[in-house]
Amino acid sequence: MRSTDTLTRAEIAEAIHRKLGISRAESLAMVEAILQQMCSALSHGENVKISGFGTFLLRDKGERVGRNPKTGVEVPITPRRVMTFRASQMLKDRIAQD
């Protein structure tokens, strides 16, 4: 797989359809339900951990001063919440093998 390839929801649903033998509609609904549950948890301030895959972490960033690299003008960056992903060691090992 090249680094420019992207795995889509439809491709995940198709893989579930082939492996489990459930209908395409059911497999797509399953993927959507999982993603919806993850989004809901994150929007309520919960971290999401998928064992063997990784953890989606929420982090609050405080206000800070940024600088326009072209002009050098300082501008305040407002506080915000960001999401980060930390891969599990199992996922890191698998990626390193391929």
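Above this text is the structure in question.
As the structure is a computational prediction, the values presented were derived from the model and not from experiment. (Residues numbered from 1 in each chain as written. Predicted model: local features only at pLDDT ≥ 70, side-chain atom pairs only at ≥ 80, totals over all residues. Heavy atoms only, no water.)

### Description of the overall build of the protein
Okay, so step 1: Per the secondary structure count, the protein includes three helices and five strands.
Okay, so step 2: By its C-alpha atoms, the protein is 60 × 35 × 25 Å across when sized along the principal axes.
Okay, so step 3: In the protein, 30% of the contacts between residues at least 6 apart in sequence involve partners at least 24 apart.
Okay, so step 4: In the protein, 16 positive and 11 negative side-chain charges are present, and the distance between their average locations comes to 5 Å. (Helix = DSSP H or I, 4+ residues; strand = E, 2+ residues; numbered from the N terminus. Contact = heavy atoms within 4.5 Å. Lys, Arg positive; Asp, Glu negative; His and termini not counted. Charge placed at Lys NZ, Arg CZ, Asp CG, Glu CD.)

### What to know about the packing of helix H1 (residues 9-20) against helix H2 (residues 24-43)
Okay, so step 1: Two elements in contact, H1 and H2, have axes separated by 8 Å at closest approach and are oriented at 125 degrees. Relative to H2, the element H1 lies oblique. For the element pair H1 and H2, the recorded crossing hand is right-handed. Of H2, the residues touching H1 (which contributes Arg9, Ile12, Ala13, Glu14, Ile16 and His17) are Arg24, Ser27, Leu28, Met30, Val31, Glu32 and Leu35.
Okay, so step 2: Broken down by class, the residue content of the contact of H1 with H2 amounts to seven nonpolar, two polar and four charged. (Axes fitted to C-alpha atoms, helices over the stretch in contact; angles between N-to-C directions. Parallel < 35°, antiparallel > 145°, perpendicular 65-115°, else oblique. Left-handed = near helix turned anticlockwise from the far one by under 90°. Nonpolar A, V, L, I, M, F, W, Y, C, P; charged D, E, K, R; others polar.)

### Considerations on the pattern of salt bridges
Okay, so step 1: Applying the stated criterion to the full structure yields five salt bridges.
Okay, so step 2: For the salt bridge of glutamate 74 with arginine 67, the shortest nitrogen-to-oxygen distance reads 2.5 Å.
Okay, so step 3: Accessibility expressed as a relative area gives 54% for arginine 67, which makes it exposed.
Okay, so step 4: Counted as one network, the salt bridges with shared partners bring together Glu14, Arg18 and Arg24. (Salt bridge = Lys/Arg side-chain N within 4 Å of Asp/Glu carboxyl O. Buried < 20%, exposed > 50% of the residue type's maximum accessible area, 1.4 Å probe, protein only.)

### Some details on the sheet that holds strand S5 (residues 80-87)
Okay, so step 1: In spatial order, the strands read S1-S2-S5; together these three strands make up an open sheet with antiparallel pairing. Strand pairing shows two members of the sheet lacking a second neighbour, strand S1 (48-50) and S5, which therefore form its edges. Within the sheet, the average angular offset between the axes of one strand and its neighbour, ignoring direction, is 25 degrees.
Okay, so step 2: On top of the sheet, H2 reaches S1, strand S2 (54-61) and S5; it is set at about 140 degrees to S1, its chief contact. (Pairing = 2+ DSSP bridges.)

### As for the nonpolar core
Okay, so step 1: If you look at the biggest cluster of nonpolar residues, it comprises five residues: Met38, Ala41, Leu42, Val48 and Phe56.
Okay, so step 2: When sequence neighbours within four positions are dropped, the list of residues in contact with alanine 41 reads Glu46 and Val48. (Core = buried A, V, L, I, M, F, W, Y, C linked by side-chain atoms within 4.5 Å.)

### Overview of the packing of aromatic side chains
Pairs of aromatic rings are described using the distance from one ring centre to the other and the angle between the two planes.
Okay, so step 1: This structure, assessed with the given rule, holds two aromatic pairs.
Okay, so step 2: Here phenylalanine 53 and phenylalanine 85 contribute two aromatic rings whose centre-to-centre distance is 5.4 Å and whose plane-to-plane angle is 50 degrees, an arrangement assigned as tilted. Here phenylalanine 53 is found in the loop between S1 and S2, whereas its partner phenylalanine 85 is found in strand S5, with 32 residues between them in sequence. (Phe/Tyr/Trp six-rings, centres within 6.5 Å; stacked < 30°, edge-to-face > 60°.)

### A short note on H2
Okay, so step 1: Its 20 residues place the ends of H2 28 Å apart at the C-alpha level, agreeing with the 28 Å of an ideal helix rising 1.5 Å per residue.
Okay, so step 2: Residues Ser27, Val31, Met38, Ala41 and Leu42 constitute the buried set of H2. The buried residues of H2 occupy one face: seen down the axis, they fall within an arc of 110 degrees. In H2, the exposed positions that point more than 90 degrees away from the buried face belong to Ala25, Gln36, Gln37 and Ser43.
Okay, so step 3: Close packing links the buried residues of H2 with H1, S1, S2 and S5. (Expected span 1.5 Å × (residues − 1). Arc of directions from axis to C-beta.)

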